[in-house]
Amino acid sequence: MMVGGYLWGSLGDALGRRGVLMAAMFVNALFGAISSLSQDFGTFLTFRFLSGVGVGGSIPVVWSYFAEFQPKRIRGNLLSCLAAFWMLGNMVVAGLAWAVIPQDLGYSGEGFKYNSWRIFTLLSALPSLTVCIALLLLPESPKYLLAQGRDKDALKVFRRIYSMNTRKNEDSYPYTKFVAEFDSNKLIYKEMSLFHRIKITVLTVSKKTAAIFRGRVLRPTLLMLIINFCIQFGYYGLWLWFPELFTRLSSVNYSVSICEVTSLSNTTDSTPSHCINQTPPNDEVFINAFITAAAPLPANLWTMLMMDKLGRKFFLVISMVGSGLCAFGIYLVNSEVVYLIISCLFGAISTMGFNALDCLGAELFPTSLRGTAMAVTLAAARLGAILGNLLFGFLVDVACAVPIILVAVLLIGGGLLGLLLPNTTREPLL
C-alpha cells in the first residue's frame, strides 16, 4: 500500500483522478482474486502485495477526486461521511469472515485446495471490481481539468452535473466559458504520442514530488509527514494486535494484565505449527472483531455533523491525545471485558483523527499537487504502520510496557503538532 499510494497518487496528478482510480481498483481486484488460488505462502504473499499496490492508490486518489466536487460550506462533513465507509467496510469484512471462514466450504483435492478462507479472499476482491465498473458512470474532476488547462472538458462536466442536479437540458447551463488555471495553449496529454506521454508523465511526477518540499507547502508537508507517521504507528501498532491480545486474555480464567499474560505466554513451551493444520478461530474472536469494527460509528456520526463547525484541528488534536491516553490505559487493563471496552474507545477516538487528517490532506495543498502530497504523506503513514506493527510484535513479549508507552507518546505528541497546522475549515480549495 505504501508503494501503491505513491505510485497512483502521483499519477493522479499527472493523468487524472478518475482513470487512475479505476486502474488502481482493477489491480486490487485482479490480484486479490488471483491470490485466493495460491497454494503456498510465498505465492499468496506475492499476489497480496500486488493487490495492496492497487488498494494503496484508493486513498490519495479517492480523497482528491471526492473533495474536488464538494462545496466548501459542507466539504468537511461530506469527507467525514466518505471516511465512515472505511468503518462500514471493516464491519462488512468482519461479518463476512465470520459467515464464511468457519464453514466447511470449497474443494480439497490432491495438490489443490480451495477452502473457506480462500473463498473469503475471493469475495473480498469483489467490491474493488464493482467500484472500477461504477466509475465508468462518473466524470473526471472538473477542478483537475481546469488545473490542467482543459477548460472545455471541464465545461462539459459542469453541464452534465447541472443537468443531473436540475433535470434540465445541458444547453440551459448559464455559463459558456471558464478560465483555465494556467495557459491552455500548453500541450495536453491526448495530443501527444505515447512516447511523449510516458516521458512527460515521469517528469511531471518527479517535479510535483519535489515541489511539495519547497515554498509555502514545505511546512504543512513536513507537519503532515510527522503526524501521519505518528497516528498510524500508534493505531496499527495496537489495532493489528488486538485479536492476538484478545486470544491471550481469553486463555486465562483469572484477572490478569496484558503484560502479565504476555509473560505467561513466554513461559509456555510451544512449537508453532503450519497454518495448514490450524482450525478456524472460535466465534468469540469474530464477535470481538465485529464489535471493534463497529465501535467508531458514534465518532463517525459526530464528525459528519460537526467537522465543519468545530474544525479539522479540533478533531485531530482531541483524537490523537485521547487515543494516546487510551493506549496507556491498555497497560492497566486486567480483564478481557475492560480490554474490549478500552479497545473500542481507542478505535472510536482514533477515527476522528483519521477523518480530520483526510480532510486536511485534501485541503492543504493546491489541486496540481494534491494527489502527490497525499501520496507522499500517506507513504510516511504506511511506514509508521509497518514499523508500529513490527516493533509492537517484537517488543510485546520482551518488554511489554515499552511498546504501549511508545504508542501513547507518539499519538499524544503527533496530536499536539496538529496545533501548528493552518486552518482549512470552510476555505476554498487551492
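Because the structure is predicted, anything quoted here is derived from the model rather than measured.

1. Examining the overall build of the chain
Helices and strands together make up the secondary structure of the chain, namely 18 helices and 2 strands. Counted over contacts in the chain with a minimum sequence separation of 6, partners at least 24 positions apart contribute 78%. Of the roughly 21,100 Å² that the chain leaves accessible, carbon and sulfur atoms contribute 68%.

2. Concerning the nonpolar core
The tendency in soluble globular proteins is for nonpolar side chains to be buried side by side. By size, the foremost hydrophobic cluster in this structure holds 59 residues, and its most contacted members are Leu-238, Leu-316, Met-320, Phe-346, Phe-392, Val-407 and Leu-421. When residues in this core are grouped by element, the largest group, 12 residues, is from helix 16 (residues 336-363). With near-sequence residues (within four places) excluded, Leu-316 lies in contact with Ile-227, Gly-353, Ala-356, Leu-357, Leu-360, Gly-418 and Leu-421. Among the nonpolar cores identified, the runner-up in size contains 15 residues, and Trp-8, Met-25, Val-53 and Val-205 belong to it.

3. With respect to the confidence of the model for the chain
Averaged over all residues, the pLDDT of the chain is 81; the fraction at 70 or higher stands at 84%. Ranking the helices and strands of the chain by mean pLDDT puts helix 2 (residues 17-35) first, with 92, and helix 12 (residues 258-266) last, with 58. Between residues 183-187, whose pLDDT stays under 50, and residues either more than four places distant or in other chains, the model counts 3 contacts. Confidence drops under pLDDT 50 across residues 266-274; counting only partners more than four residues distant or on other chains, this segment forms 2 contacts.

4. Points about the environment of Thr-46
Here Thr-46 is to be found in helix 3 (residues 41-56). C-alpha of Thr-46 to C-alpha of Ser-35: the two residues are 11 residues apart in sequence and 8.1 Å apart in space. Within polar-contact distance, the side chain of Thr-46 engages the backbone oxygen of Gly-42 at 2.9 Å.

5. Section: the packing of helix 15 (residues 312-330) against helix 18 (residues 401-417)
Packed helices, taken two at a time, are described by the angle their axes make and the gap between the axes. As a packed pair, helix 15 and helix 18 sit with axes 7 Å apart at the nearest point and diverge in direction by 170°. One element, helix 15, and the other, helix 18, form an angle in the roughly antiparallel class. Crossing angle aside, the handedness with which helix 15 passes helix 18 is left-handed. Taking contact as the criterion, the partners of Val-317, Met-320, Val-321, Ser-323, Gly-324, Leu-325, Ala-327, Phe-328 and Ile-330 in helix 15 are, on helix 18, Ile-404, Val-407, Ala-408, Leu-410, Leu-411, Ile-412, Gly-414, Gly-415 and Leu-416. Of the residues that constitute the contact of helix 15 with helix 18, the class distribution is 14 nonpolar, 4 polar and no charged.

About the thresholds
- Residues numbered from 1 in each chain as written.
- Predicted model: local features only at pLDDT ≥ 70, side-chain atom pairs only at ≥ 80, totals over all residues.
- Heavy atoms only, no water.
- Helix = DSSP H or I, 4+ residues; strand = E, 2+ residues; numbered from the N terminus.
- Contact = heavy atoms within 4.5 Å.
- Areas by Shrake-Rupley, 256 points an atom, 1.4 Å probe, with all protein chains shown as cover.
- Core = buried A, V, L, I, M, F, W, Y, C linked by side-chain atoms within 4.5 Å.
- Buried < 20%, exposed > 50% of the residue type's maximum accessible area, 1.4 Å probe, protein only.
- pLDDT = per-residue confidence, 0-100.
- Polar contact = N/O pair within 3.5 Å; in protein donor to acceptor, adjacent residues only side chain to side chain.
- Axes fitted to C-alpha atoms, helices over the stretch in contact; angles between N-to-C directions.
- Parallel < 35°, antiparallel > 145°, perpendicular 65-115°, else oblique.
- Left-handed = near helix turned anticlockwise from the far one by under 90°.
- Nonpolar A, V, L, I, M, F, W, Y, C, P; charged D, E, K, R; others polar.

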